[in-house]
Amino acid sequence: MSTPVANLFLSSLSAPSRELLLAHSTAVHLPLRTVLYEPEVTPPHAYFMTSGIASVVASMVEGGTAEVGVIGHEGVVGSLHLLGPAKVPTRCFMQLEGSALRIPFTELQKAYRSTGEIRDRILEFVQEQALSLSQVAACHRLHDAEERLARWLLMVQDRTQSNVLNLTQEFLAEMLGAQRTTVTMVAGALQRSGLIEYQRGHVKILNRESLEAAACDCYQVTKSLFLNLYKQDLP
């Protein structure tokens, strides 16, 4: 496979390690709502994301759901399953249509166990996800919905490098852990301030600098973790 690799995890590897994984990988299109793994089930495939956003969601017995992670072109969907025998309780699916390089989970598992560089990079990515999750958990407890929405939109833009985000009201409510009426109110406030343009299912970021100022300080923490993962340059 001689085409450029759009996944930052793969690009961070040495050529031999990268080719080991690419030899077993297939490029796939991932439409909106494509399920990448189900709760408590070892997935048949892992995914090196190349575009779009995968959402990791926790579900409660009473039916409520909340997003607990986002994975873009920096990451590996299925990496958590490599760490040990515990059943992963979350569900992962596409919240922004995209693409990936799909690899059989067993092949990634073999590479993880046999190749130190691949194992180290996987652990680095999982650590970034865990630390980001702990910050976001505190954010949900301590910061208001407007700050949290600004923070989350910036996190998604960092991973998509696009000012236009096709996000349903249902998804935004899930992300905020709030009612749809709250999403309408909060997004409307950001729009009136000239930071975003919001229509149902569509968000356009108009002023990133001001959106960063409107976000809570959790964004700078998660941005730093993301940058340090592969020493990237973000806007």
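What counts as what
Residues numbered from 1 in each chain as written. Predicted model: local features only at pLDDT ≥ 70, side-chain atom pairs only at ≥ 80, totals over all residues. Heavy atoms only, no water. Helix = DSSP H or I, 4+ residues; strand = E, 2+ residues; numbered from the N terminus. Contact = heavy atoms within 4.5 Å. Polar contact = N/O pair within 3.5 Å; in protein donor to acceptor, adjacent residues only side chain to side chain. Axes fitted to C-alpha atoms, helices over the stretch in contact; angles between N-to-C directions. Parallel < 35°, antiparallel > 145°, perpendicular 65-115°, else oblique. Left-handed = near helix turned anticlockwise from the far one by under 90°. Nonpolar A, V, L, I, M, F, W, Y, C, P; charged D, E, K, R; others polar. Patch = residues over 30% accessible without salt bridge, like charges linked within 9 Å, V, L, I, M, F, W, Y side chains within 5 Å. Areas by Shrake-Rupley, 256 points an atom, 1.4 Å probe, with all protein chains shown as cover. Salt bridge = Lys/Arg side-chain N within 4 Å of Asp/Glu carboxyl O. Buried < 20%, exposed > 50% of the residue type's maximum accessible area, 1.4 Å probe, protein only.

*Asks:* I keep staring at the environment of glutamate 117 and nothing clicks. Help me out?
*Replies:* In this fold, glutamate 117 is placed in helix α4 (residues 116-142). Taking the C-alpha atoms as reference points, glutamate 117 and serine 17, 100 residues apart in sequence, are found 7.3 Å from one another. The residues contacting glutamate 117, other than those within four sequence positions of it, are Ser12, Leu13, Ser14 and Ser17. A distance of 2.6 Å separates a polar atom in the side chain of glutamate 117 from a polar atom in the side chain of serine 17.

*Asks:* What's the story with the packing of helix α5 (residues 145-160) against helix α6 (residues 169-176) in this structure? I'm lost.
*Replies:* Helix-helix packing: each pair is described by the crossing angle between the helix axes and the interaxial distance. α6 packs onto α5 with a crossing angle of 110 degrees between their chain directions and a minimal axis gap of 10 Å. Overall, the two elements α5 and α6 adopt an arrangement that is roughly perpendicular. For the pair α5 and α6, the crossing hand works out as right-handed. Side by side, α5 and α6 meet where Ala145, Arg148, Leu149 and Trp152 of the first sit next to Phe171, Leu172, Met175 and Leu176 of the second. Tallied by class, residues from the contact of α5 with α6 come to seven nonpolar, no polar and one charged.

*Asks:* Sorry, what's going on with a nonpolar patch on the surface here?
*Replies:* On the surface, Leu80, Leu83 and Leu123 cluster together into a nonpolar patch covering about 240 Å² of accessible area. Along the chain, leucine 123 turns up in helix α4. The class for leucine 123 is partly exposed, based on a relative accessible area of 37%.

*Asks:* Help me understand the side chain of glutamine 95, please; the structure alone is not making it clear to me.
*Replies:* Note that glutamine 95 resides in strand β6 (residues 91-104). Not counting residues within four places of it along the chain, the set of residues in contact with glutamine 95 comprises Leu32, Arg33, Ile53, Ser55, Asn166, Phe171 and Glu174.

*Asks:* Help me out: how do you make sense of the pattern of salt bridges in this one?
*Replies:* Oppositely charged side chains may form a pair once their charged atoms are brought near each other. As enumerated under the stated definition, the model contains eight salt bridges in all. Between arginine 159 and glutamate 74 there is a salt bridge, with its nearest N and O atoms 3.3 Å apart. On the criterion of sequence distance, the pair formed by arginine 159 in helix α5 and glutamate 74 in the loop between β4 (65-71) and β5 (76-77) is long-range, its members being 85 residues apart. Assessed through its relative accessible area of 0%, glutamate 74 is described here as buried. Notably, a salt bridge pairs arginine 208 with glutamate 212, separated by 3.1 Å at the nearest N-O pair. Of this pair, arginine 208 and glutamate 212 are both found in helix α8 (residues 208-214), four residues apart, which corresponds to roughly one turn of the helix. Exposure remark for arginine 208: the relative accessible area of 14% places this residue in the buried category. Each of Asp158, Arg208, Glu212 and Lys223 takes part in salt bridges that share partners, so that together they form one network.

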